[in-house]
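The primary structure of each chain is shown beneath.
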Amino acid sequence: MQGDFFQLLKEQGYQFGVPAAAGSEVDIPNATTILAFKYRDGVLVAGDRRATAGNTVMYDRTDKVLEIDRHSVMAIAGVPATAYEMARILEHSFKYYRRTQLQELSFEGKLRALSKLLKENVAAALAGTGAVAPIFAGYDLEQGAAKTYFYDILGAEFEGVEYAVSGSGSPTIRGILHYLNTWGEQPLSEMQEEQAAIQALRLLTSAAEFDSATGGVNREANLYPVIKFITASGVRTMPDTQLKPLFEMKVARHV
Amino acid sequence: MYEEPYKWVEAVGNRRQYLDEQFKQGSPVVAVAYETGILLLTVSKGTPKLYEIYDRLALGGMGHPADLEKLRFSLLEMAHVEGFNRSPSDVTGGRMVKYGIAPVIKQAFEEVFKAPFIVKILLAELGQKAGKDAFLTINYDGTFEEGTHCAVLAASPAVEQEMVTYLRQPPTEGWSLEQAIGAAVRAWAVGDRAQRRMSEDVRENQESKADPTRARDEKNDAAALYSHLRETVAEKTIECALLDRQQGGFSKYRALTSDELGRLLPRDMKASLT
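Residues numbered from 1 in each chain as written. Chains lettered and ligands numbered in written order. Predicted model: local features only at pLDDT ≥ 70, side-chain atom pairs only at ≥ 80, totals over all residues. Heavy atoms only, no water.

Helices and strands together make up the secondary structure of chain A, namely 7 helices and 12 strands. Relative to a compact globule of 255 residues, whose C-alpha radius of gyration would be 18 Å, chain A shows 18 Å and is just as compact. With respect to the three principal axes, the spread of C-alpha positions in chain A is 60 × 45 × 30 Å. Every one of the 255 residues in chain A was classed for burial, and the buried ones make up 52%. Taking the 25 positively charged and 30 negatively charged side chains of chain A as two groups, their mean positions are separated by 3 Å. (Helix = DSSP H or I, 4+ residues; strand = E, 2+ residues; numbered from the N terminus. Rg over C-alpha atoms; globule rule 2.2 N^0.38 Å. Buried < 20%, exposed > 50% of the residue type's maximum accessible area, 1.4 Å probe, protein only. Lys, Arg positive; Asp, Glu negative; His and termini not counted. Charge placed at Lys NZ, Arg CZ, Asp CG, Glu CD.)

In structure tokens:
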């Protein structure tokens, strides 16, 4: 069938998901916290910005929430090299499909594309050099609904009806999300944009509290998590100029 | 039969004649820069003739739909593989044309035992800044030309020249989208009218009643062009696409919906179309 970019790449000799030699003991950067939940207008996706390798902090300005096209976002947890490569393949696959077939790839088709990449990557994931467990979130224009999905490293896809989390810091916030959504003042899906952003900042700050591999907010360095909103009108990133006052007023504890 | 060189030259000459004939009924394509991007416009009967190729590349075509489709796919393949392996900013119109499809079209044209591509192609590339846009056209024999500000496709070089002259009459820089659409639709009419005139002249020549002065009487004023459009566009659709620098995201291509086009077309013409 025409319009398959990944197939085209393979025909051109491109290899993906080839495992490195097993048993090599390298510290590969892989810990993180990413989350997505549905709010009133769509879906919010957020991620911290730390990349670690073993005990070392590799980088503190990683962007783990990647815009794949106008209406979908992939948040990555796991080995960054593989994850970024996957994001690049997906981005080009969706563009290529739209331009060749003269119609947008369906949301389900997009989910399958990511699942397929993860499956191709199983060998590398099990060898320990390429495990990725991403979140895929977006706005399904056909159904007029926001959607969130999370994947395991083998490529199984699960729908997060209200929210989805991944990464080493995720066990901490999974409980909080459940509590918030069930007994909070209002369920997540009724929150307005600003309220949703405040909760996302608080959640990531909590994750950083208990997970050394998740980076928190560093106000001195003007370093804030990445928060993106996906609505019917597309993907939008919350600028630092908005995150900063929100953090100061609603998240930082004033003693 | 074509082993002798002069026979080959003759065969290529025949092929030129055959191809020229194929484009006579075609609909011209106009591409012109405006304030924040590039506008492409044509009038089509059913099959679309304007396409998105890459983040900043758009295609306009004349000729056989199946041939156009084949070349469109090879452009898409090339652009996306290159954009993935290197970077999107390495996917430039110049490279796509010079090393990509122009040689393919030329080869098909000169292989006289095989069918040539019945296509003329226009590739518009949105520059990072205004004034940096590129316009490339490829003829059915693989020759290409590169221009700035505007480019057109039409049945013959003479008609193309007439359209470009019309487009350039007022300075084309800094046009609003509305102005650009007005100019493009009139330039299309200039081209379409010239093509019709061309085929009529041929017919009259055959009947040996040629009157060389008649054609020159036609005026390129707006009213005359709108009245030509009124007669020709009625059962077809005006197709219009933009590469707009102001559009968010990486992909800058957008097809105008019929509603938008309805709002943006010159008022004098709308009255005549409804």
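Along the backbone of chain B there are 9 helices and 10 strands. Taking 274 residues into account, the globule formula puts the C-alpha radius of gyration at 19 Å, and chain B, at 19 Å, falls close to it. Overall, the C-alpha framework of chain B stretches about 55 × 50 × 30 Å when taken along its three principal axes. Within chain B, contacts between residues separated by at least 24 positions form 68% of all contacts whose residues are at least 6 apart in sequence. A total accessible area of about 13300 Å² is found for chain B, and carbon and sulfur atoms account for 51% of it. Taking the average location of the 35 positive side-chain charges in chain B and that of its 40 negative ones, the two points are 2 Å from each other. (Contact = heavy atoms within 4.5 Å. Areas by Shrake-Rupley, 256 points an atom, 1.4 Å probe, with all protein chains shown as cover.)

Residues of chain A with pLDDT of at least 70 account for 95%, and the chain-wide mean is 92. Strand β3 (residues 51-53) of chain A is the least confidently modelled element of chain A, averaging 87 in pLDDT, while strand β11 (residues 226-231) of chain A averages 98, the highest of any element. (pLDDT = per-residue confidence, 0-100.)

Another point: the layout of surface pockets. Picture a little ball the size of a water molecule; that probe, rolled over the atoms, points out where space is still empty. All names here are of chain B. There is about 980 Å³ of room inside the largest pocket. Looking at the lining of the largest pocket, the element that brings in the most residues is strand β9 (residues 237-244), giving 5 residues. The residue makeup of the lining of the largest pocket, split by class, is 21 nonpolar, 11 polar and 15 charged. Considered as a void within the structure, the second largest pocket measures approximately 630 Å³ in volume. Lining the second largest pocket are 27 residues, and of these Lys 24, Gln 25, Gly 26, Ser 27 and Lys 45 lie nearest its centre. Taken together, the elements giving at least two residues each to the lining of the second largest pocket come down to α1 (5-23), β2 (37-44), β4 (57-63) and α5 (177-206). (1 Å grid on protein atoms, 1.4 Å probe; cavity = no way out; pocket = protein on both sides within 12 Å on 5 of 7 lines; lining within 4 Å. Points joined across faces, edges and corners; volume = space filled by probe spheres on them. Nonpolar A, V, L, I, M, F, W, Y, C, P; charged D, E, K, R; others polar.)

Time to look at the interface of chain B and chain A. Tallying the contact residues gives 17 residues for chain B and 19 residues for chain A. Of all residues in chain B, Phe 73, His 80 and Phe 84 of chain B give up the largest surface area on contact with chain A, accounting jointly for 42% of the area buried on that side. Taken together, chain B and chain A are joined by 4 salt bridges. Across the salt bridge formed by Glu 52 of chain B and Arg 99 of chain A, the nearest N and O atoms sit 3.0 Å from each other. At the surface where chain B touches chain A, the tally comes to 12 residue pairs in polar contact (both at pLDDT 80 or more). Within the residue set of the side of chain B that touches chain A, elements represented by two or more residues are β3 (50-54) and α2 (65-85) of chain B. It is α2 of chain B that contributes the most residues to the side of chain B that touches chain A, 8 residues altogether. Of the residues belonging to the side of chain B that touches chain A, the class tally is 8 nonpolar, 4 polar and 5 charged. (Buried area = accessible area lost by both parts, 1.4 Å probe. Salt bridge = Lys/Arg side-chain N within 4 Å of Asp/Glu carboxyl O. Polar contact = N/O pair within 3.5 Å; in protein donor to acceptor, adjacent residues only side chain to side chain.)

This part takes up the packing of aromatic side chains. Under the defined criterion, the tally for this structure stands at 13 aromatic pairs over all chains. Ring geometry for Phe 107 of chain A against Tyr 149 of chain A: centres 6.3 Å apart, planes inclined by 45 degrees, an arrangement best described as tilted. Here Tyr 149 of chain A lies in strand β8 (residues 145-151) and Phe 107 of chain A lies in helix α3 (residues 107-120), a separation of 42 residues in the sequence. Taking relative accessible area as the criterion, Phe 107 of chain A reaches 6% and is therefore assigned buried. Take Tyr 149 of chain A: its relative accessible area is 11%, and that puts it in the buried class. The rings of Phe 5, Tyr 14 and Tyr 96 of chain A together with Phe 84 of chain B are connected pair by pair, giving a single aromatic cluster. Taking NZ or CZ as reference, Lys 110 of chain A lies 5.4 Å from the ring centre of Phe 94 of chain A, over its face. The ring of Phe 23 of chain B has Lys 120 of chain B sitting right over it, with the charged end atom 5.0 Å from the ring centre. (Phe/Tyr/Trp six-rings, centres within 6.5 Å; stacked < 30°, edge-to-face > 60°. Lys NZ or Arg CZ within 6 Å of the ring centre and 35° of its normal.)

Turning next to the sheet that holds strand β1 (residues 29-34) of chain B. All names here are of chain B. Reading across from one edge, β8-β1-β2-β9-β10 is the order of the 5 strands in this open sheet, with antiparallel pairing throughout. If you trace the sheet from one side to the other, it starts and ends with β8 (150-153) and β10 (253-255), each paired once. Within this sheet the neighbouring strands show an average axis-to-axis angle of 15 degrees, counted without direction. On the sheet, helix α4 (residues 157-168) packs against β1 and β8 and is oriented at approximately 150 degrees with respect to β8. (Pairing = 2+ DSSP bridges. Axes fitted to C-alpha atoms, helices over the stretch in contact; angles between N-to-C directions.)

Residues and elements named next belong to chain A. Taken together, the 5 strands give an open sheet; going across it, the order is β5-β6-β7-β8-β9, and neighbouring strands pair in antiparallel fashion. Looking along the sheet, the strands with just one partner apiece sit at the ends: β5 (65-69) and β9 (157-159). The sheet shows a mean angle of 25 degrees between the axes of neighbouring strands, taken without regard to direction. Here strand β6 (residues 72-75) runs beside strand β7 (residues 135-140); their pairing, made up of 4 bridges, is antiparallel. Counterpart to Ser 72 in the pairing with β7 is Gly 138.

So, about the confidence of the model for chain B. Residue and element names in this part refer to chain B. Averaged over chain B, the pLDDT score is 89; the fraction of residues at 70 or greater is 92%. Of all secondary-structure elements in chain B, the lowest mean pLDDT belongs to helix α6 (residues 212-216), at 48, while strand β5 (residues 119-125) reaches the highest, 98. With pLDDT under 50 throughout, residues 209-215 is counted as low confidence; its partners more than four residues away or in other chains account for 8 contacts.

All names here are of chain B. Relative to strand β7 (residues 144-147), strand β6 (residues 134-138) is paired through 4 bridges, and the arrangement is antiparallel. Residue pairing in the sheet places Ile 138 in a bridge with Phe 144 of β7. Count of turn residues in the β6/β7 antiparallel hairpin: 5 residues, of which Gly 142 carries a positive phi of about 95 degrees.

Residue and element names in this part refer to chain A. When you line up the elements, Ala 200 lands in helix α6 (residues 193-210). For Ala 200, a relative accessible area of 0% gives the class buried. For the pair Ala 200 and Leu 118, spaced 82 residues apart in sequence, the C-alpha separation works out to 27 Å. Sequence-distant contacts of Ala 200, defined by excluding residues within four places in its chain, comprise Leu 35, Phe 37, Leu 44, Ala 46 and Ile 227.

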